[in-house]
Amino acid sequence: MARRVRSGGLMARTGLCGTETGNGESMKVGLLTSGGDCQGLNPTLRAVAKALYNLVPDVSIYGVLDGYAGLIEDRIRRMQPADFEDIIRLGGTILGTSRQSFKSMFADDGQLAPKAEQMLANYRARGFDALVILGGNGSQKTANLLREQGVRVVFLPKTIDNDISGTDLTFGFDSAVARATDVLDAIQTTARAHGRVFVVELMGQKTGWLAVHAGISAAADVILIPEIPYFPQRVYELITARNATGTSAVVIAVAEGALSDDERMLTKEQRVELTGTAGVRLADWLKQQLASGGSSQEVKLVVPGYYQRGGTPTATDRLLCSRLGVKAAEMVAKHQFGCMAAEIGTEIVAVPLAAVTGKLKLLDANDSLIRAARQLGIVFGD
Ligand code: F6P
């Protein structure tokens, strides 16, 4: 049984990506999409494949089906160039995806679990020269584990949450922002027509990037995010102040992981006991509060959920996917393994997985984005 190897070698210490000498000969490359889907997976797969076919003269590409589950169970199929045609505008993933928690990669004694051993065995048995993994934070940890065990990994940052450290943007984020903005825009008009309060719960368990970007874009009145604990009373005060001016419609964009100041004090176990999601709890509280204050104003809850993750990727996302995918192919061709293709500023660069894995990219409460939103009159409830 292989022991778990902690990253601490030269590559990890120097922060350099491992570069071996690429010889331009034949290569067998596996592609894998892991974790929750997003709109940018297919455009990225397409870019990796097209660039690999160009850069590596004798490359064969294999699709690992349904994320790490396919590697564990050896469900892998040979891909052809035609498989990557006409998928730039297609949401979801042609390979399928699944969630395999990082925790489940270990047995109780801290050794690799049989499923992790199985992935290593199948990677070796297939004779892969590289594995290109498209995933979010959890998938990145497993990718890094595979790297520590000798798998030649190139990682690509996907998630609608935009919470991966080491890259300014993740692919899928822009498309989700567009969808969430579309929902908020539609809600704005109906909210005004009826003078109602709308709580719109957006995705984002741990981070508020999506809620803040969409909230500003659609001129939400209130944005509530996990990074800034909020006081429900402040939201209630805004509603009553609005009513006094005769403009009673209020649109609240709340990230699903937002916590009130009281909820923040709870232990992890106590939080699990909370009734409903952040949007449900807030909408219920506001309804009660307004009713007990003698107001008949209606509070409505909208949860767009997976709508935010589905459908066609935006042009901005397709560009990012194309650039990141080409970079990943270049990294494979140059044997630059153990790294993530990332966007930093206007550049697409290789960032060592060892340096960024396990670090969630949170919004700073003093971020210029938050400051701009406050200047626009948006309330964060703090
Ligand atoms: O990580 C992306 C994400 O869409 C989160 O915003 C959301 O909380 C979660 O995935 C939902 O996960 P699942 O697809 O497993 O329900």
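**Considering the overall build of the protein**
Secondary structure assignment for the protein yields 14 helices and 13 strands. In terms of C-alpha radius of gyration, the protein reaches 23 Å, essentially the compact-globule figure of 21 Å for 382 residues. Taken along the three principal axes of its C-alpha coordinates, the protein extends 75 × 45 × 35 Å. For the protein, with 382 residues in total, the buried portion stands at 52%. Expressed as a percentage of contacts within the protein between residues at least 6 apart in sequence, the contacts between residues at least 24 apart total 73%.

**Considerations on unusual backbone geometry**
Phi is positive for Asp 66, which is not a glycine, with a value near 60°. As for its position among the elements, Asp 66 is in the loop between strand E3 (59-64) and helix H3 (68-72). Its relative accessible area of 28% is what places Asp 66 among the partly exposed residues. Phi at Asp 74 is positive, roughly 55°, even though this residue is not glycine. Note on placement: Asp 74 falls in the loop between H3 and strand E4 (76-78). Judged by relative accessible area, Asp 74 falls into the partly exposed class, the value being 32%.

**Quick word on the sheet that holds strand E9 (residues 250-255)**
Taken together, four strands build an open sheet; the order of strands is E8-E9-E7-E10 and the sheet is parallel. Sheet topology places strand E8 (222-224) and strand E10 (299-302) at the edges, where each strand pairs with a single neighbour. Direction aside, neighbouring strands of the sheet carry axes that sit 20° apart on average. Where strand E7 (residues 197-202) and E9 come together, six bridges link them in parallel fashion. If you follow Glu 201 over to E9, its bridge partner there is Val 254. Its contacts with the sheet put helix H6 (residues 173-194) on E7, E9 and E10, and the angle it makes with E7 is roughly 170°. Of the strands in this sheet, E7, E8, E9 and E10 are in contact with helix H11 (residues 278-292), which crosses E7 at around 165°.

**Some details on helix H2 (residues 41-55)**
Its 15 residues place the ends of H2 21 Å apart at the C-alpha level, agreeing with the 21 Å of an ideal helix rising 1.5 Å per residue. Buried residues of H2: Leu 41, Asn 42, Pro 43, Thr 44, Leu 45, Ala 47, Val 48, Ala 49, Ala 51 and Leu 52, and no others.

**Some words on the layout of surface pockets**
Its boundaries defined by the atoms lining it, the largest pocket holds a volume of some 830 Å³. Forming the boundary of the largest pocket are 30 residues, of which Arg 99, Asn 137, Gly 138, Asp 161 and Lys 206 lie nearest the centre. Here the lining of the largest pocket takes four residues from helix H5 (residues 137-148), the largest share from any one element. Looking at side-chain class alone, the lining of the largest pocket contains five nonpolar, 14 polar and eleven charged residues. Of the pockets and cavities examined, the second largest pocket occupies roughly 450 Å³. Every residue lining the second largest pocket is counted, 14 residues in all, and those nearest its centre are Gln 205, Lys 206, Gly 257, Leu 259 and Arg 271. Sorting the residues of the lining of the second largest pocket by element identifies helix H10 (268-272) and H11 as the ones contributing at least two each. No other element matches the three residues that H10 contributes to the lining of the second largest pocket. Residue composition of the lining of the second largest pocket, by class: five nonpolar, four polar and five charged.

**Topic: the site of the ligand**
Taken together, the neighbourhood of the ligand is formed by Arg 99, Ile 160, Asp 161, Met 203, Gly 204, Gln 205, Glu 256, Tyr 306 and Arg 309. In the model, an oxygen atom of the ligand is placed 2.4 Å from a nitrogen or oxygen of the Tyr 306 side chain. Between the ligand and Arg 309, the relevant distance is 2.9 Å, taken from an oxygen atom to a side-chain nitrogen or oxygen of the residue. Compared with its free state, where it exposes 400 Å², the ligand has 75% of that area covered by protein. Mapping the ligand onto the cavity grids shows that it belongs to the largest pocket. In terms of residue class, the shell around the ligand is made up of three nonpolar, two polar and four charged. Both domains that meet at the shell around the ligand, namely domain 1 (11-172 + 313-356) and domain 2 (173-309), each give it at least three residues.

Rules and cut-offs
As a convention, each chain's residues are numbered from 1 in the sequence order in which they are written. It should be noted that, the model being predicted, local features are given only for residues of pLDDT at least 70 and side-chain atom pairs only at 80 or more, the latter also being counted only at that level, while totals for whole chains, interfaces and linings use all residues. Hydrogens and water are ignored here; the side-chain numbers use all heavy atoms of the structure. Each helix is a run of H or I in the DSSP string that is no shorter than four residues. Each strand is a run of E no shorter than two, and both are numbered from the N terminus. With C-alpha atoms as the basis for the radius of gyration, the globule rule is written as 2.2 Å multiplied by the number of residues raised to the power 0.38. The buried label applies to any residue whose accessible area, calculated with a 1.4 Å probe on protein chains only, is under 20% of its type's maximum; exposed applies above 50%, and partly exposed to all values in between. Contacts are assigned to residue pairs with any non-hydrogen atoms lying within 4.5 Å of each other. Strand pairing requires that DSSP identify at least two bridges connecting the strands. Convention adopted: a line fitted to C-alpha atoms gives each axis, helices being fitted over their contacting stretch, and angles between N-to-C directions are expressed from 0 to 180 degrees. To estimate the expected span of a helix, count its residues, drop one, and scale the result by 1.5 Å. In the cavity and pocket records, a cavity denotes points on a 1 Å grid over the protein atoms alone where a 1.4 Å probe fits but cannot get out, a pocket denotes an open set with protein on both sides within 12 Å along at least 5 of 7 lines, and lining residues are residues with an atom within 4 Å of a point. Grid points are joined across faces, edges and corners, and a volume is the space filled by probe spheres set on the points. Throughout, the ten residues Ala, Val, Leu, Ile, Met, Phe, Trp, Tyr, Cys and Pro are labelled nonpolar, Asp, Glu, Lys and Arg are labelled charged, and all others, Gly among them, are labelled polar. To be near a molecule or strand, a residue needs just one of its heavy atoms within 4 Å of it. Under this definition, polar contacts are N or O atom pairs within 3.5 Å; protein pairs additionally need one hydrogen-donor-capable and one acceptor-capable atom, and for neighbouring residues in sequence, both atoms have to be side-chain atoms. Computed by Shrake-Rupley with a 1.4 Å probe, the accessible areas treat only the displayed protein chains as cover when residues are assessed. In this scheme, a molecule is assigned to a cavity or pocket if more than half of its atoms are within 2 Å of the grid points. Boundaries of every domain are those given by an automatic assignment or by a domain database.

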